[in-house]
Number of protein chains: 2
Amino acid sequence: MAKVTLTVCTTCRRIAGGEPVAEEPRPGNRLLDALQASGLPDNVTVKPVECLSACTRGCSIALSGGPARWTYVYGDMDPDQHAQDIIDGVSAYAASQDGIVPWRERPEIFRKQSIARIPPQE
Amino acid sequence: MAKVTLTVCTTCRRIAGGEPVAEEPRPGNRLLDALQASGLPDNVTVKPVECLSACTRGCSIALSGGPARWTYVYGDMDPDQHAQDIIDGVSAYAASQDGIVPWRERPEIFRKQSIARIPPQE
């Protein structure tokens, strides 16, 4: 099965979609650190990106994995609250064939904080 | 160069991000029709999708094309106003190697109505 990438925007200045904060490191960077420090499935790689162009919905992340899977973008993440839920969600995504996880098996932040999804490319 | 896919959400009920309308066919379907009726580069395929999960930002579209290109999601499209601008934008995207079109060469609707972008997968 194709490997999965969890892309984390490190430029995001918002926490859970709130007003931008001036703190350093930025909330997006803190979210990246929290995810990299956590136990992820072997077939999941965490990658930083400078901008996901979802700036008003930060912190933001994307899940992708080969041409057979749907891609998902999620926002309004909180680096202090949501790392474990993100790991649970990306683990379920990585275990699926096409990226579609049954609705009730998705963490609430994925059910409620979707920004967009993109169909498989093949 | 990898072919490019212009994905159009046919479920969208909004026009330019306004309140949902009850009209049939839906605005998203009308946008699909307008794009399919237009002249697109040979390496661009228009594909309908039932939902891009960007419902509050309809009409919505996505541009993608192989593992070497960035993927973009745009919203607040108007099926009566924006088909030609979308064609111009996807043509420039299709002519690029990595999907990144110089800022000033992007149509205004792409500069101002971005929902998200996702890095190349390779």
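Look above for the structure.
Only a predicted model underlies this, so the values are computations on that prediction, with no experimental measurement involved.

Quick notes on the rules
Residues numbered from 1 in each chain as written. Chains lettered and ligands numbered in written order. Predicted model: local features only at pLDDT ≥ 70, side-chain atom pairs only at ≥ 80, totals over all residues. Heavy atoms only, no water. Pairing = 2+ DSSP bridges. Helix = DSSP H or I, 4+ residues; strand = E, 2+ residues; numbered from the N terminus. Axes fitted to C-alpha atoms, helices over the stretch in contact; angles between N-to-C directions. Contact = heavy atoms within 4.5 Å. Least-squares fit on C-alpha atoms with pLDDT ≥ 70 in both. Buried area = accessible area lost by both parts, 1.4 Å probe. Salt bridge = Lys/Arg side-chain N within 4 Å of Asp/Glu carboxyl O. Polar contact = N/O pair within 3.5 Å; in protein donor to acceptor, adjacent residues only side chain to side chain. Nonpolar A, V, L, I, M, F, W, Y, C, P; charged D, E, K, R; others polar.

Attention shifts here to the sheet that holds strand 2 (residues 44–49) of chain B. Residues and elements named next belong to chain B. Pairing is mixed across the open sheet formed by five strands, whose spatial order is 2-1-3-4-5. Only two strands of the sheet have a single neighbouring strand rather than two, namely strand 2 and strand 5 (114–118). Within this sheet the neighbouring strands show an average axis-to-axis angle of 15 degrees, counted without direction. With respect to the sheet, helix 1 (residues 27–36) is in contact with strand 1 (4–9), strand 2 and strand 3 (61–64), its orientation differing from that of strand 1 by roughly 150 degrees.

Here we take up the relation of the copies chain A and chain B. Note on the chain copies: they are related by a rotation about an axis and a translation along it. When chain A is fitted to chain B, the best match, at an RMSD of 0.0 Å, comes from turning it 180 degrees and sliding it 0.0 Å along the axis. Taken together, the rotation angle and the small translation identify this as a two-fold axis. A shared binding surface is used by both copies, with 100% of the interface residues of chain A retained as interface residues in chain B.

Let's shift gears to the interface of chain A and chain B. Opposite the 21 residues of chain A that make contact, chain B presents 21 residues. Surface buried jointly by chain A and chain B totals about 1,500 Å² across both partners, of which 54% is contributed by carbon and sulfur atoms. There are zero salt bridges connecting chain A and chain B. Along the contact surface separating chain A from chain B lie six residue pairs in polar contact (both at pLDDT 80 or more). Here the side of chain A that touches chain B gets five residues from one element, more than from any other, and that element is strand 5 (residues 114–118) of chain A. Here the side of chain A that touches chain B is composed, by residue class, of eleven nonpolar, eight polar and two charged.

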